[in-house]
Amino acid sequence: MRTVPWYLDTVAISKNIRGFSFALLGGVGWGFSGACAQFLFSNYGADPLWISSVRMICAGAVLCVLALVIARGPFLAMWRNPRTVAQLVFFSIFGLAACQITYLFAIQNSNAGTATVIQYIGPVLVVFYLCARAHRRPTTREVIAMALVVSGTYLIATHGNPATMVLTPAGLFWALISAVTYAMYSLIPRRLMLHYGSVPVVAGGLLVGGIVFSVGVQSWTVDPGFDAMGYLMLFVGLVFFGTIVGFTLYFQAVKDIGAAKTGLIASIETVSATLFAVLWLGTAFSWIDIVGFVFIMATVFVLAKHPGDGDIKSAADDQD
């Protein structure tokens, strides 16, 4: 029971400030990593599969060490159960890796801002999947969200003229597939995370996915042709800020202020990715692109107070 008013509870206030700050910084870090990926594609012709394998295995190794420090018991228990390991491998390949790889392909064929915004269709897809699974009709709020998603995607892809495609077919395809894999990433590991926690599952998933795809593409034999700047963008931008820092800050924010608030604040990722693309990489967006972005991002707020919003958040939210 609270013994002092909330405005005098310095512990609660400091947790709120930390949670807000961490969610904000995590979202900015994710947006920055998207811009770094666009930089690597534009300047070095980098391979998204190779980047994904290196990013996942490096970030996974670091986060596994973190998991051993902050959640040693659940992390070790997760590896002792063969069924759990099989589920983790499935999540690694069809959740984490699929989400990472398709997102990078979307950036390669469009830009960081557009790919990031369209990926946020994923939560809406989760809602309609849950509607179908529960055999119920969508609510008015859910229908509005879908209408906003369809309208926003249409504006971004065609600029309002159905006879033309402003966004390349490959860019639109990979961005939409990225949204689907984002939804899968949100749904697949729910039971694992409820039982073992977010950090152990994501850390193990990143490491397993990184190992599998490194073997698949034989990443150790690939010469990416990077100079010092290229490796800086990869390891500092994508691995450190985009994965290690982004996930760590996000999980702490969920603990401090809850899943719903963290999800809303972390959606700053779309704004930061767009701003980095414009101010740093010189990507041009028209006013109608911005309208499309606003339509899609409005769904985050439309669904924020959804009665089942615990189901539409990132799977990491289950730790809350």
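Residues numbered from 1 in each chain as written. Predicted model: local features only at pLDDT ≥ 70, side-chain atom pairs only at ≥ 80, totals over all residues. Heavy atoms only, no water.

Student: Got a minute to help me understand a nonpolar patch on the surface in this structure?
Tutor: A cluster of nonpolar residues, Met229, Tyr231, Leu232, Phe235, Val236, Phe240 and Phe241, forms a patch on the protein surface that exposes about 580 Å² of accessible area. Looking at the secondary structure, you find Met229 in helix 11 (residues 228–257). Here Met229 falls in the partly exposed class, since its relative accessible area comes to 40%. (Patch = residues over 30% accessible without salt bridge, like charges linked within 9 Å, V, L, I, M, F, W, Y side chains within 5 Å. Areas by Shrake-Rupley, 256 points an atom, 1.4 Å probe, with all protein chains shown as cover. Salt bridge = Lys/Arg side-chain N within 4 Å of Asp/Glu carboxyl O. Helix = DSSP H or I, 4+ residues; strand = E, 2+ residues; numbered from the N terminus. Buried < 20%, exposed > 50% of the residue type's maximum accessible area, 1.4 Å probe, protein only.)

Student: Help me out: how do you make sense of the nonpolar core in this one?
Tutor: For soluble globular proteins, nonpolar side chains are generally found buried alongside one another. Counting 43 residues, the largest nonpolar core has Leu40 and Ile51 as its most contacted members. Discounting residues that sit within four places of it in the chain, Ile51 has contacts with Leu40, Phe41, Ala46, Leu104, Leu234 and Leu238. Residues Ala67, Leu88, Met193 and Val254 belong to the second largest nonpolar core, which totals 31 residues. (Core = buried A, V, L, I, M, F, W, Y, C linked by side-chain atoms within 4.5 Å. Contact = heavy atoms within 4.5 Å.)

Student: Teacher, can you tell me more about the environment of Gly242 here?
Tutor: Note on placement: Gly242 falls in helix 11. With relative accessibility at 1%, the residue Gly242 sits in the buried group. Linking Gly242 and Met193, residues 49 residues apart in sequence, is a C-alpha distance of 21 Å.

Student: Looking at this model, I keep getting lost on the pattern of salt bridges. Mind explaining?
Tutor: Two side chains with opposite charge may pair up if their charged atoms get near one another. A complete count under the given rule lists 2 salt bridges for this structure. Arg18 is the salt-bridge partner of Asp256, the closest N and O atoms lying 2.7 Å from each other. Linking Asp256 in helix 11 with Arg18 in helix 1 (residues 10–44), this pair joins segments that are 238 residues apart in sequence. With relative accessibility at 10%, the residue Asp256 sits in the buried group. Residue Arg18 is classed as partly exposed on the basis of its relative accessible area of 36%. A salt bridge links Glu142 to Arg136, with the nearest nitrogen and oxygen atoms 2.8 Å apart. For Glu142, a relative accessible area of 0% translates into the label buried. The partly exposed category is assigned to Arg136, whose relative accessible area is 34%.

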